[in-house]
Amino acid sequence: MRNGILGLILNLVMYSGALFAETGQDLFRAAIQGQPQRVHTILSSGGDVNSRVRGRTALMVAAYSGNYRVMQVLIAYGANVNLADSQGSTALMDAIIFGDPRLVHLLISAGADVNAEDKLGVRVLVKAKKSGHTQLLKILEEAGAKEREEVKIEAEPAEKKEGESTEKKKAE
């Protein structure tokens, strides 16, 4: 009997982490509610920092909600700042919607792609222009954000083009 109870206690201790494990939804909820200590607790007990709920990560919802301290915790635990949801939106794009320069600085310093674009091809800088947050525009431009990649096209000299057309006529 004693071995049975001891075995039961050992099993409970061994599997207690699995029994009380936090889910991605718990992390998502803590992030959107601005609970950095709860986020830390979930992640320190093995929660997946990049887990998704309806395609979005905890970092995305923290950025969208303006939860700076939660974002700091998520990034410290290795959150991927460049993951995108099903629409192609990233945490940086969400931070732009919220409009807090601290959020944008934090994500850029953590390696966020300032030239990311969503599924419609709209880049971060364009989203910032549409939001009307002029301070964010400056931050993004200083970090190298562009509306579109500049494509250099070298024009051929007019003389060469005329010569080519003359050669084509001779060949015909």
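Sequence order as written defines the numbering, with residues in each chain counted from 1. Only residues with pLDDT of at least 70 get local features here, since the model is predicted, and only at 80 or more are side-chain atom pairs given and counted; chain-wide, interface and lining totals rely on the full set of residues. Where side-chain values are given, they derive from all heavy atoms of the structure, hydrogens and water being excluded.

Turning our eyes to something else, we now look at the overall build of the protein chain. Runs of H or I in DSSP of at least four residues are treated as helices and runs of E of at least two as strands, each being numbered from the N terminus. If you tally the helices and strands in the protein chain, you get 10 helices and two strands. Each residue is assigned to one of three classes by its accessible area relative to the maximum for its type, calculated with a 1.4 Å probe on protein chains only: buried under 20%, partly exposed between the two thresholds, exposed over 50%. Relative to its 172 residues, the protein chain shows a buried fraction of 35%. Contacts were defined at the residue level, with two residues in contact if any of their heavy atoms lie within 4.5 Å. If you take every contact in the protein chain between residues at least 6 apart in sequence, the share linking residues at least 24 apart comes to 65%. Taken as a whole, the protein chain presents about 11000 Å² of accessible surface, with 53% of it coming from carbon and sulfur. Here the open area of atoms and residues is found with the Shrake-Rupley method and a 1.4 Å probe, where only the protein chains shown may cover a residue.

A word on the nonpolar core. Definition of nonpolar core: a set of buried residues of the types Ala, Val, Leu, Ile, Met, Phe, Trp, Tyr and Cys, connected through side-chain atoms within 4.5 Å. The biggest cluster of nonpolar side chains holds 41 residues, and the ones touching the most others in it are Leu74, Leu92, Leu107 and Leu140. Broken down by element, this core gets its largest block of residues, six residues, from helix H4 (residues 58-65). Among residues more than four places away in sequence, those in contact with Leu140 are Leu92, Ile96, Val104, Ile108, Val114, Val124, Leu125, Ala128 and Ala145.

Attention now moves to the pattern of salt bridges. Just to be clear on terms, a salt bridge is a Lys or Arg side-chain nitrogen sitting within 4 Å of an Asp or Glu carboxyl oxygen. What the rule picks out here adds up to seven salt bridges. Between Asp26 and Arg29 there is a salt bridge, with its nearest N and O atoms 3.1 Å apart. On the criterion of helical spacing, the pair formed by Asp26 and Arg29 is a turn pair, its members being three residues apart in helix H2 (residues 24-32). The class for Arg29 is partly exposed, based on a relative accessible area of 41%. Residue Asp100 pairs with Arg102 through a salt bridge whose shortest N-O separation is 3.2 Å.

What follows deals with the environment of Leu137. With respect to the helices and strands, Leu137 occurs in helix H9 (residues 134-142). Separated by 12 residues in the primary sequence, Leu137 and Leu125 place their C-alpha atoms 6.7 Å from one another. Apart from residues lying up to four places away in sequence, Leu137 is in contact with Leu125, Ala128 and Lys129.

Take the packing of aromatic side chains next. Only the six-membered ring of Trp is used, alongside the rings of Phe and Tyr, when aromatic pairs are assigned; centres must lie within 6.5 Å, and planes under 30 degrees apart are stacked while those over 60 apart are edge-to-face, with the rest tilted. As enumerated under the stated definition, the model contains zero aromatic pairs in all. Any Lys NZ or Arg CZ found within 6 Å of a ring centre and within 35 degrees of that ring's normal is scored as a charge over the ring. A cation over an aromatic ring shows up here: Arg102 above the ring of Tyr68, its NZ or CZ 4.4 Å from the ring centre.

Turning our eyes to something else, we now look at unusual backbone geometry. The phi dihedral of Arg54 is positive, around 50°, even though this residue is not glycine. Inspection of the secondary structure assignment puts Arg54 in the loop between strand E1 (52-53) and strand E2 (56-57). Judged by its relative accessible area of 71%, Arg54 is exposed.

What follows concerns the packing of helix H6 (residues 91-98) against helix H8 (residues 124-131). H8 packs onto H6 with a crossing angle of 10° between their chain directions and a minimal axis gap of 9 Å. The angle between H6 and H8 places the two elements in the roughly parallel class. Listed contacts from H8 to Leu92, Met93 and Ile96 of H6 are Val124, Lys127, Ala128 and Ser131. We call Asp, Glu, Lys and Arg charged. Ala, Val, Leu, Ile, Met, Phe, Trp, Tyr, Cys and Pro are nonpolar, and the rest, Gly among them, are polar. Counted by class, the contact of H6 with H8 contains five nonpolar, one polar and one charged residues. For helices, the axis comes from a line fit to the C-alpha atoms of the stretch in contact; other axes are also lines fit to C-alpha atoms, and the angle between any two N-to-C directions lies between 0 and 180 degrees. With respect to orientation, any angle under 35 degrees is reported as roughly parallel, any angle over 145 as roughly antiparallel, any angle of 65 to 115 as roughly perpendicular, and every other angle as oblique.

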